[in-house]
Amino acid sequence: MVNSGQSPIPSIGVIGGGQLAWMLGLAAKEMGISLWVQTPDPKDPAVAVAAGVIYGAVSDVMATQRLAAHTEVITFENEFVDLGALHALATQGVCFYPTLSSLTPLLDKYQQRRFLQELGIPIPAFAYLEEWPTVLPCVIKACRYGYDGQGTFLIRTEAAWQEFRQRWPEIPAQHFLAEAFVPYTHELAIMAARSPRGEIALYPVVETQQVNAICRRVIAPAAVTPAIVQQVERMATEILNALEAVGIFGIEFFLSATGQVLVNEIAPRTHNSGHYTIDACATSQFAQHLRAVSGQPLGSTAMHTPAAVMVNLLGLAAAEVDYTAKCMALAALPHAHLHWYSKKEAYAGRKLGHLTVLLDTPEAAAAMIQQIEAIWYGASVSASLC
């Protein structure tokens, strides 16, 4: 079980082996924590840094049982788990953080909306797809297993609505929800951590910018008023306390033209919008998550730089890409920190790494993003990976 506080627990298990687990593994090494991962793929990034590996799908409860034999507490890299099967392990004394009860209202997007609605948190109007009154524009989302734009459809016209309805029977059987499109001016996010004792630590509110429904850029801090920051922080605190959450959660918001803040989605784990914290904050989101799930006091969330930008480095569509040259050019930028995930395959749209650049002023963010993307998303020439 989790210890009471002063020293790290011997071992933490992570269900999942991708880049989030990899970055947790790097933080665990610095903290003297032994981190094991459960993954089906020996090529996954986290395998290279893990103290031990249990091979099995993230939904393989027997693999999770073997993971539990080597660890004090188990946490999650993603939401693709079988909660029902994990409950059987929890009744046998396996410790999960976040707790399974805190995950229960979040993994299904419709249930997540209901949870927020019951809290009185502002959200877009929503319904199951079959109950939606065809108010356009709208966004249709798969209730489970959607990420990076997968399972999400923006419907602007009646023709697009009819086309989706015709295609719907061909999509794997699962529920969809529809929600009103929010004409937002900014998308915001916050990383929020809570300890088993109820201590809460909030990171700065950031702006996120999406391209093709994938987070491309994060600007920290967001250029919003103190009143907007207070709204976001209040909602994040209320959500974590209502869940009795343990660990770090990424919460995304829409900011409307009228100044209204609405919750978009909650991710019960480390999150893309918090990657900048590795280089820009006193405690990274990954170290903070490990602190929370191991029962240690939470660390400072303060930024030690006036501003920072994070740009995701996605795989390019060109047949031949010299990723090594691009990485070298990015790493040479002043105050740049390159994080390359060493994935064995690169294909268009895949997250291959990210770059964080620390800035002297918030006003420098736009020009720096333009410079980074000119290097990465410009012409490419030969096939290699750095």
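Above this text sits the structure in question.
Report follows, based on the coordinates. Quantities reported herein were computed from a predicted structural model and do not represent experimental measurements.

Side note on the nonpolar core
Right, on to step 1. Ranked by size, the top nonpolar core spans 30 residues in total, and within it Leu116, Leu188, Ile239, Ile251, Phe253, Val263 and Ile266 carry the most contacts.
Right, on to step 2. Broken down by secondary-structure element, the contributors of at least two residues to this core are helix H5 (109-119), strand E5 (126-128), strand E9 (184-194), helix H7 (226-243), strand E13 (247-256) and strand E14 (261-267).
Right, on to step 3. No other element matches the 7 residues that H7 contributes to this core.
Right, on to step 4. Apart from the residues within four sequence positions on either side, Leu116 is in contact with Ile121, Ile123, Ile239, Val263 and Ile266.

Quick notes on the pattern of salt bridges
Oppositely charged side chains can form a pair if their charged atoms are brought close together.
Right, on to step 1. Applying the stated criterion to the full structure yields 9 salt bridges.
Right, on to step 2. Close ionic contact of Glu79 with Arg269 constitutes a salt bridge, the shortest N to O distance being 2.3 Å. Taken together, the residues Glu79 in the loop between strand E4 (73-76) and helix H3 (83-91) and Arg269 in the loop between E14 and helix H8 (277-280) connect sequence positions 190 residues apart.
Right, on to step 3. Take Glu79: its relative accessible area is 19%, and that puts it in the buried class.
Right, on to step 4. Residue classification places Arg269 among the buried positions, given a relative accessible area of 15%.
Right, on to step 5. The residue Glu179 makes a salt bridge to Lys141 at a minimum N-O spacing of 3.2 Å. Here Lys141 lies in strand E6 (residues 138-142) and Glu179 lies in strand E8 (residues 176-180), a separation of 38 residues in the sequence. Comparing Glu179 with Lys141 shows no difference in burial state: the two are buried.

Focus: the pairing of strand E15 (residues 307-314)
Right, on to step 1. Most of E15 sits inside the fold, with 8 of its 8 residues counted as buried.
Right, on to step 2. Both faces of E15 are covered, namely the face carrying Ala307, Val309, Val311 and Leu313 and the face carrying Ala308, Met310, Asn312 and Leu314.
Right, on to step 3. With 4 bridges joining them, strand E12 (residues 214-220) and E15 adopt antiparallel strand pairing. Within E15, the residue paired with Val218 across the bridge is Met310.

Some words on the sheet that holds strand E7 (residues 152-155)
Hydrogen bonds along the backbone pair up the strands of a sheet, which may run parallel or antiparallel.
Right, on to step 1. Across the sheet, 4 strands lie side by side as E5-E8-E6-E7; this open sheet has antiparallel pairing. Looking at strand neighbours, the two that pair on one side only are E5 and E7, the edges of this open sheet. Averaged over all neighbouring strand pairs, the angle between strand axes comes to 20°, with direction disregarded.
Right, on to step 2. The pairing of E6 with E8 spans 5 bridges and is classified as antiparallel. Bridged to Val139 within E8 is Glu179.
Right, on to step 3. Sheet strands in contact with H5 are E5, E6 and E8, and its direction is about 140° off that of E5.
Right, on to step 4. With respect to the sheet, helix H6 (residues 158-167) is in contact with E6, E7 and E8, its orientation differing from that of E7 by roughly 145°.

Regarding the sheet that holds strand E2 (residues 34-39)
Right, on to step 1. Strand order across the open sheet formed by 4 strands is E3-E2-E1-E4, with parallel pairing between neighbours. Of all strands in the sheet, those with a lone pairing partner are strand E3 (52-55) and E4, marking the two edges. The mean inter-strand angle of the sheet, taken between neighbouring strand axes irrespective of direction, is 25°.
Right, on to step 2. Note: E2 against E3, 4 bridges, orientation parallel.

Rules used in this analysis
Residues numbered from 1 in each chain as written. Predicted model: local features only at pLDDT ≥ 70, side-chain atom pairs only at ≥ 80, totals over all residues. Heavy atoms only, no water. Core = buried A, V, L, I, M, F, W, Y, C linked by side-chain atoms within 4.5 Å. Buried < 20%, exposed > 50% of the residue type's maximum accessible area, 1.4 Å probe, protein only. Helix = DSSP H or I, 4+ residues; strand = E, 2+ residues; numbered from the N terminus. Contact = heavy atoms within 4.5 Å. Salt bridge = Lys/Arg side-chain N within 4 Å of Asp/Glu carboxyl O. Pairing = 2+ DSSP bridges. Axes fitted to C-alpha atoms, helices over the stretch in contact; angles between N-to-C directions.

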